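Observations on the three-dimensional arrangement
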Protein chains: 2
Amino acid sequence: MATRTGRSQRRTDALSRERIVEAAVELLDTSGESGLTFRALTERLATGPGAIYWHVANKTELLDAATDAVVAAALAVRPSESPGSPQDEVRAVALGLFEATEEHPWLAAQLATQLSRNPSGTVAPRIFESLGRQVRALGVPEGHWFTATSALMHYVLGAAGQNAANTGSARALGPGTGRAEFLDAVSTAWEGLDPGDYPFTRAVAGQVRDHDDREQFLAGIDLVLTGITALSPPREASPAEKPSRRGGAGRYPPPDE
Amino acid sequence: MATRTGRSQRRTDALSRERIVEAAVELLDTSGESGLTFRALTERLATGPGAIYWHVANKTELLDAATDAVVAAALAVRPSESPGSPQDEVRAVALGLFEATEEHPWLAAQLATQLSRNPSGTVAPRIFESLGRQVRALGVPEGHWFTATSALMHYVLGAAGQNAANTGSARALGPGTGRAEFLDAVSTAWEGLDPGDYPFTRAVAGQVRDHDDREQFLAGIDLVLTGITALSPPREASPAEKPSRRGGAGRYPPPDE
DNA sequence: ACCTGAACACCGTTCAAGT
DNA sequence: ACCTGAACACCGTTCAAGT
């Protein structure tokens, strides 16, 4: 029972912060956040804890580095290939993050904790920049850049979090058991809610069962994009119909600083 | 040094799950997630760990209960007073959650983790139901209920998470130090980013400094609401301008199950 | 039924000592 | 400069024993 488990052979190449972060991501992917311990890490890297602490200050920094690495990889997929419309670019960036949370179910919760720990870190600007460039390209007036980009980022983070939740739970149901079974379970659970307290949720339970996560996510993106486009001055479209929305007077002030 | 610390006098009333959850929330509020330990809990409640385990299965369940209690309280603020428009109701619900994450900075990250652990739990349906009823009231066609409500919920969760991040960090800067100092720090940090890598973020750094979180949050809500309203069949508004968006053919399929 | 509190396994972190 | 590994403080959880 004391034989080598996993790949704990003998280490040939030297230790490095990079290799440690890489191993941390692998551990997180395979056994979740509780699976990332210094014991498991030392075993996998065939060292002692002191060696790891030489390259990394503590576990928090290690988690942050793992999160940052995964986010950076997700945003770097397309160097500068596709020329598509700004809308398509937004969808591509968003989908990249969405798929990253699918591959790494621990990512979403970790993003939330990391942002609350260190919001001036590198991961928030990374996402913000990728989305913001497209907002600018959409022709949104500068006074609304921050609002529009924030809204996009918030939607993406929220939706990615929810998706990670579903992916993780679907896996927890057992290997091989697919998303279909999981969605079926949620749908059934929602159908079983109290009719007095949850009429709407019950009414919608059926749509849960056979929706496609990705389609759903992109539909939400389009919804936000529609709202963002409405921030732009009307080009040649219908100038009417706008004042029907409630008191838009002081809500979106023009940039005047 | 062995004198009673805090309120560890003698317990008069009996222990209960409710009292334990309440104490847990207080500990989380005052000292963050790492402050919630069974030792601190037993001291505050003047018992032993075994007593707590009689009422609560484990720490995970305790965290879930604390999260659920706080979310339920946030959504229950207005029993049925305000008659306002659906839009105003959405803003009220969203603001309730937003303020809850301000009061309880641990909430957002905890929500993410809990949803990923147990998405068929009670907290997701609670939020979903509150928002969904207003979506229905907005006249959104039934086939889009799930998409629209999900988008709202994702935005709210993402934005609340970001806000909790900011609130928490602002507090960490020191008691008394306000949001202004914190925003100034973030703004300065963004202005110091690499001009080649982060042109957009740098350009927007100024808007970070003097934005109002709540205004920003509500502006995002309105943006999503605009997108949602566009899902409704045009009442008497301009029927043109819609086919300009890309392949909307199969994107929002009508309900046909 | 409800509570006590010692005990256990495990975890993050440190540090004197090695090369 | 980089690594080893024993040791420490702390944490979640258990459980025989009490009332």
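Residues numbered from 1 in each chain as written. Chains lettered and ligands numbered in written order. Predicted model: local features only at pLDDT ≥ 70, side-chain atom pairs only at ≥ 80, totals over all residues. Heavy atoms only, no water.

By the naming in an unreviewed UniProt entry, chain A is TetR family transcriptional regulator, taken from Actinomadura montaniterrae.

**Digging into the interface of chain A and chain B**
Taken together, the contact between chain A and chain B spans 75 residues of the former and 73 residues of the latter. Taken together, both faces of the contact between chain A and chain B bury some 6,400 Å²; the carbon and sulfur share is 62%. Taken together, chain A and chain B are joined by 0 salt bridges. At the boundary of chain A with chain B, the tally comes to 10 residue pairs in polar contact (both at pLDDT 80 or more). When contributions to the side of chain A that touches chain B are tallied by element, the ones reaching two or more residues are α5 (86-103), α6 (107-117), α7 (123-137), α8 (145-172), α9 (179-191), α10 (199-209) and α11 (213-229) of chain A. Looking at which element gives the most residues to the side of chain A that touches chain B, the answer is α8 of chain A, with 15 residues. Classifying every residue of the side of chain A that touches chain B gives 33 nonpolar, 25 polar and 17 charged. (Contact = heavy atoms within 4.5 Å. Buried area = accessible area lost by both parts, 1.4 Å probe. Salt bridge = Lys/Arg side-chain N within 4 Å of Asp/Glu carboxyl O. Polar contact = N/O pair within 3.5 Å; in protein donor to acceptor, adjacent residues only side chain to side chain. Helix = DSSP H or I, 4+ residues; strand = E, 2+ residues; numbered from the N terminus. Nonpolar A, V, L, I, M, F, W, Y, C, P; charged D, E, K, R; others polar.)

**Examining the protein's contact with DNA strand C**
Near DNA strand C, the surroundings consist of 17 residues, among which R39, Y53 and K59 of chain A together with T47 and H55 of chain B are the closest. Close to the protein, within 4 Å, the atoms of DNA strand C are drawn from sugar and phosphate at a rate of 51%. Within the contact set of DNA strand C, a phosphate oxygen lies 2.6 Å away from a side-chain nitrogen or oxygen of K59 of chain A. Between a phosphate oxygen of DNA strand C and a main-chain N or O atom of L15 of chain B, the distance comes to 3.3 Å. (Near = heavy atom within 4 Å.)

**A look at the protein's contact with DNA strand D**
For DNA strand D, the set of nearby residues contains 17 residues, the closest of which are T47 and H55 of chain A together with R39, Y53 and K59 of chain B. Here DNA strand D approaches the protein such that, of its atoms within 4 Å, sugar and phosphate make up 50%. Note that a phosphate oxygen of DNA strand D is positioned 3.4 Å from one of the backbone N or O atoms of G48 of chain A. H55 of chain A is positioned with one of its side-chain polar atoms (N or O) 2.6 Å from a phosphate oxygen of DNA strand D. Going through the elements one at a time, α3 (49-55) of chain A together with α2 (38-45) and α3 (49-55) of chain B are the ones with two or more residues in the surface near DNA strand D. In terms of residue class, the surface near DNA strand D is made up of 8 nonpolar, 7 polar and 2 charged.

**Things to note about the relation of the copies chain A and chain B**
Note that the two copies of the chain are related through a rotation about an axis and a translation along the same axis. In the superposition of chain A on chain B (RMSD 0.0 Å, axial shift 0.0 Å), the rotation amounts to 180°. Each copy turns onto its partner about a two-fold axis. Taken together, the interface assignments show that 97% of the residues at the interface of chain A recur at the interface of chain B, consistent with an identical surface on both copies. (Least-squares fit on C-alpha atoms with pLDDT ≥ 70 in both.)

**Regarding the UniProt feature "domain: HTH tetR-type" (unreviewed entry) in chain A**
UniProt feature "domain: HTH tetR-type" (unreviewed entry): in the numbering of this structure it lies at residues 14-74 of chain A. Strand forms 0% of residues 14-74 of chain A and helix 75%; the C-alpha atoms that close the span are 27 Å apart. (UniProt positions renumbered as here; feature names shortened; annotations may be inferred.)

**Points about helix α4 (residues 59-75) of chain A**
Residues and elements named next belong to chain A. Here α4 spans 24 Å end to end across 17 residues, near enough to the 24 Å set by a 1.5 Å rise per residue. Restricting attention to buried positions, one finds in α4 the residues L62, L63, D64, A65, A66, T67, D68, V70, V71, A74 and L75. Each element contacted by the buried residues of α4 is listed here: α1 (17-31), α2 (38-45), α5, α6 and α7. Two or three places before T60, at the start of α4, stands the capping residue N58, its side-chain oxygen 3.3 Å from that residue's backbone nitrogen. (Expected span 1.5 Å × (residues − 1). Buried < 20%, exposed > 50% of the residue type's maximum accessible area, 1.4 Å probe, protein only.)

**Some thoughts on the packing of helix α5 (residues 86-103) of chain B against helix α11 (residues 213-229) of chain B**
All names here are of chain B. Remark: α5 packs on α11, axes separated minimally by 10 Å, with the N-to-C direction vectors making an angle of 140°. When the axis of α5 is compared with that of α11, the two are oblique. Relative to α11, the crossing made by α5 is right-handed. Every residue of α11 that contacts α5 at Q87, V90, R91, A94, L95, F98, E99 and E102 is listed here: D213, R214, F217, L218, I221, D222 and L225. Along the lines of polarity and charge, the residues of the contact of α5 with α11 split into 8 nonpolar, 1 polar and 6 charged. (Axes fitted to C-alpha atoms, helices over the stretch in contact; angles between N-to-C directions. Parallel < 35°, antiparallel > 145°, perpendicular 65-115°, else oblique. Left-handed = near helix turned anticlockwise from the far one by under 90°.)

**Some details on α9 of chain A**
Think of an α-helix as turning once every 3.6 residues; residues three or four places apart then point the same way. All names here are of chain A. Compared with an ideal rise of 1.5 Å per residue, which puts 13 residues at 18 Å, α9 spans 18 Å between its outermost C-alpha atoms and is within 8% of the ideal. Considered for burial, the residues of α9 that qualify are F182, L183, V186, S187 and W190. Burial along α9 is one-sided: seen end-on, the buried residues are contained in an arc of 135°. (Arc of directions from axis to C-beta.)

**Considering the UniProt feature "DNA-binding region" (unreviewed entry) in chain A**
UniProt marks residues 37-56 of chain A with the feature "DNA-binding region" (unreviewed entry), using the numbering shown here. With 75% helix and 0% strand, residues 37-56 of chain A has end C-alpha atoms that lie 14 Å from one another.

**Observations concerning the layout of surface pockets**
Taken as a whole, the second largest pocket holds about 1,400 Å³ of empty space. For the lining of the second largest pocket, the elements supplying multiple residues, two or more each, are α1, α4, α6 and α8 of chain A together with α1 (17-31), α4 (59-75), α6 (107-117) and α8 (145-172) of chain B. Residue composition of the lining of the second largest pocket, by class: 14 nonpolar, 19 polar and 10 charged. (1 Å grid on protein atoms, 1.4 Å probe; cavity = no way out; pocket = protein on both sides within 12 Å on 5 of 7 lines; lining within 4 Å. Points joined across faces, edges and corners; volume = space filled by probe spheres on them.)

**Let's talk about the side chain of D64 of chain B**
With respect to the element layout, D64 of chain B can be found in helix α4. When neighbours within four sequence positions are excluded, D64 of chain B is seen to be in contact with Q110, Q114 and R117 of chain B.

**Description of the environment of E22 of chain A**
Residue and element names in this part refer to chain A. Looking at the secondary structure, you find E22 in helix α1. A relative accessible area of 47% means that E22 is categorised as partly exposed. E22 sits 48 residues away from V70 along the chain, and the two C-alpha atoms are 9.7 Å apart.

**Considerations on the nonpolar core**
Counting residues in hydrophobic clusters, the biggest one holds 142 residues, and the most contacted among them are F217 of chain A together with F217 of chain B. Contacts of F217 of chain A, omitting those with residues within four sequence positions, involve A94, L95, F98, Y155, V156 and A159 of chain A. (Core = buried A, V, L, I, M, F, W, Y, C linked by side-chain atoms within 4.5 Å.)

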